[in-house]
Amino acid sequence: MQYDVIIVGAGPAGLSAAAFAARRKLKTLVLEATNKVGGKPVNVYGTKIVDDFIGFPDGVKGKEVGEALLRQAQKFGAEIKCESRVSKVSIENNDKLVSTDDGRTYKAKAVIIATGSHSKSFVGGIEGETEFKNKGVSYELQNPNEMKDKIVFVVGGGETAVETAITLKDIAKQVYLVHRRDSFRADEILVEQLKKSKINILTNSRLQKIHGDDKVTGVTIYNDATKKEIEMKADQVIFCFGTVPASEMLKDLNVKVDEKGLIMVDCDQKTNVEGIFAAGDVAGGAMRISTAIGEGVKAALNAYKYIKQPYWA
């Protein structure tokens, strides 16, 4: 079936792009790889109060953000298909062809990539990491309640690491935050919450080894300041070492990406390939819900100009 615009990804950037494209009466299709829409606000921060979403000074649950964006996209007529993982984007006779894992191919005049990013699935250099993957070693917090009464080590110093530790402070038996430096990259307000909590903060420290039998039972921590190592009991290790942009479906299209895999766009969210746009975390930037929404809007409006070529553009 022929569409005006196909949007790959149903997170904040994708849903906002869908709303504005459909509002402009573009025949709009959103393809989402998972079984639910909303992206990270729903899948990662569903029950968490998001307090940096502009316009909600008292905060709002991530799930509510995702649901509101979905309703708005559907209100204007955007079609949304879940469990439609895109494997490839190509161009044939000026048509953009979007192929999914289930063997389907959709045609469009323009494509907006809003696939976001996913957690790194390997750190490297840590004994036991591979052996205990999915046996007490993970790379993101998917279900906080599974950490109930466990001794959890969160490794990292950025926003995700600090938020993960804070989320678990009243659920897990004990929470340790291990960071190789003595300061954090997370927002100051989060660091303030962290330091006021009962979380055990291990700065200037590195997780060297993960122990266990069938599952994780302990870790070895090395402190760079004291030059000492210590073995500690553990049930779970969560590595929060950044994310990887989900841009792999463009590998055959020669869309320019940087050394991290982030899609390179101009101020109009255009890539170097005509008719291909990108927005949200997959294109880098501030990586916040508010900016992802703004970029999605901008991508949709510029896709409209590309497709319709109105006199005023």
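Structural notes, computed from the coordinates. (Residues numbered from 1 in each chain as written. Predicted model: local features only at pLDDT ≥ 70, side-chain atom pairs only at ≥ 80, totals over all residues. Heavy atoms only, no water.)

A closer look at the overall build of the protein
Inference 1: Looking only at helices and strands, the protein has six helices and 19 strands in total.
Inference 2: Rg of the C-alpha trace for the protein: 21 Å, near the compact-globule value of 20 Å for 313 residues, within the 12% margin.
Inference 3: The principal-axis extent of the C-alpha atoms belonging to the protein is close to 70 × 40 × 30 Å.
Inference 4: Looking at the protein as a whole, 49% of its 313 residues are labelled buried.
Inference 5: In the protein, of all internal contacts separated by at least 6 residues, the share reaching a separation of at least 24 is 58%.
Inference 6: In the form shown here, the protein has an accessible surface area of approximately 16,300 Å², with 46% of it arising from carbon and sulfur atoms. (Helix = DSSP H or I, 4+ residues; strand = E, 2+ residues; numbered from the N terminus. Rg over C-alpha atoms; globule rule 2.2 N^0.38 Å. Buried < 20%, exposed > 50% of the residue type's maximum accessible area, 1.4 Å probe, protein only. Contact = heavy atoms within 4.5 Å. Areas by Shrake-Rupley, 256 points an atom, 1.4 Å probe, with all protein chains shown as cover.)

Regarding a positive patch on the surface
Inference 1: A cluster of basic residues, Arg23, Arg24, Lys75, Lys270 and Lys305, forms a positive patch on the protein surface.
Inference 2: For arginine 24, a relative accessible area of 36% gives the class partly exposed. (Patch = residues over 30% accessible without salt bridge, like charges linked within 9 Å, V, L, I, M, F, W, Y side chains within 5 Å. Salt bridge = Lys/Arg side-chain N within 4 Å of Asp/Glu carboxyl O. Lys, Arg positive; Asp, Glu negative; His and termini not counted. Charge placed at Lys NZ, Arg CZ, Asp CG, Glu CD.)

Here's the deal with the sheet that holds strand 10 (residues 137–138)
Inference 1: Ordered by their spatial adjacency, five strands build an open sheet running 10-17-11-12-13, and the pairing between neighbours is parallel. With partners counted over all chains shown, the strands left at the sheet margins are strand 10 and strand 13 (200–202), one partner each.
Inference 2: Taken together, the five bridges between strand 11 (residues 151–155) and strand 12 (residues 174–178) define a ladder with parallel strand orientation. Of the residues in strand 12, the one forming a bridge with phenylalanine 153 is tyrosine 176. (Pairing = 2+ DSSP bridges.)

A word on the nonpolar core
Inference 1: Core analysis: the largest hydrophobic core is formed by 34 residues, its most contacted members being Val5, Ile7, Phe53 and Ile112.
Inference 2: Elements with a minimum of two residues in this core: strand 1 (2–8), helix 1 (12–23), helix 3 (62–75), strand 8 (105–113) and helix 6 (289–308).
Inference 3: Broken down by element, the residue count for this core peaks at eight residues, all from helix 6.
Inference 4: Dropping the residues within four chain positions of it, valine 5 is found in contact with Ala21, Leu26, Lys27, Thr28, Leu29, Ala108, Ala110, Ile112 and Ile307.
Inference 5: Counting residues in hydrophobic clusters, the runner-up holds 22 residues, among them Leu31, Val98, Tyr106 and Leu250. (Core = buried A, V, L, I, M, F, W, Y, C linked by side-chain atoms within 4.5 Å.)

Section: the sheet that holds strand 15 (residues 216–223)
Inference 1: Pairing within the open sheet is antiparallel, and its three strands lie in the order 14-15-16. Two strands bound the open sheet, and with one partner strand each, they are strand 14 (205–212) and strand 16 (228–233). Across this sheet, the average inter-strand angle for adjacent strands is 25°, counted without regard to direction.
Inference 2: In this sheet, strand 15 lies alongside strand 14 in antiparallel orientation, the contact comprising seven bridges. Of the residues in strand 15, the one forming a bridge with histidine 211 is glycine 218. (Axes fitted to C-alpha atoms, helices over the stretch in contact; angles between N-to-C directions.)

As for the pattern of salt bridges
Pairs may arise between side chains of opposite charge once their charged atoms sit close together.
Inference 1: For the structure on display, the rule yields nine salt bridges.
Inference 2: Between glutamate 192 and lysine 196 there is a salt bridge, with its nearest N and O atoms 3.9 Å apart. With glutamate 192 and lysine 196 both in helix 5 (residues 188–196) and four residues apart, the pair spans about one turn of that helix.
Inference 3: By relative accessible area, lysine 196 is classed as exposed at 70%.

Quick word on the environment of lysine 48
Inference 1: Take lysine 48: it is sitting in the loop between helix 2 (40–43) and strand 3 (49–50).
Inference 2: The partly exposed category is assigned to lysine 48, whose relative accessible area is 23%.
Inference 3: Here lysine 48 is in contact with Val60, Lys61, Gly62 and Glu163, once residues within four sequence places are set aside.

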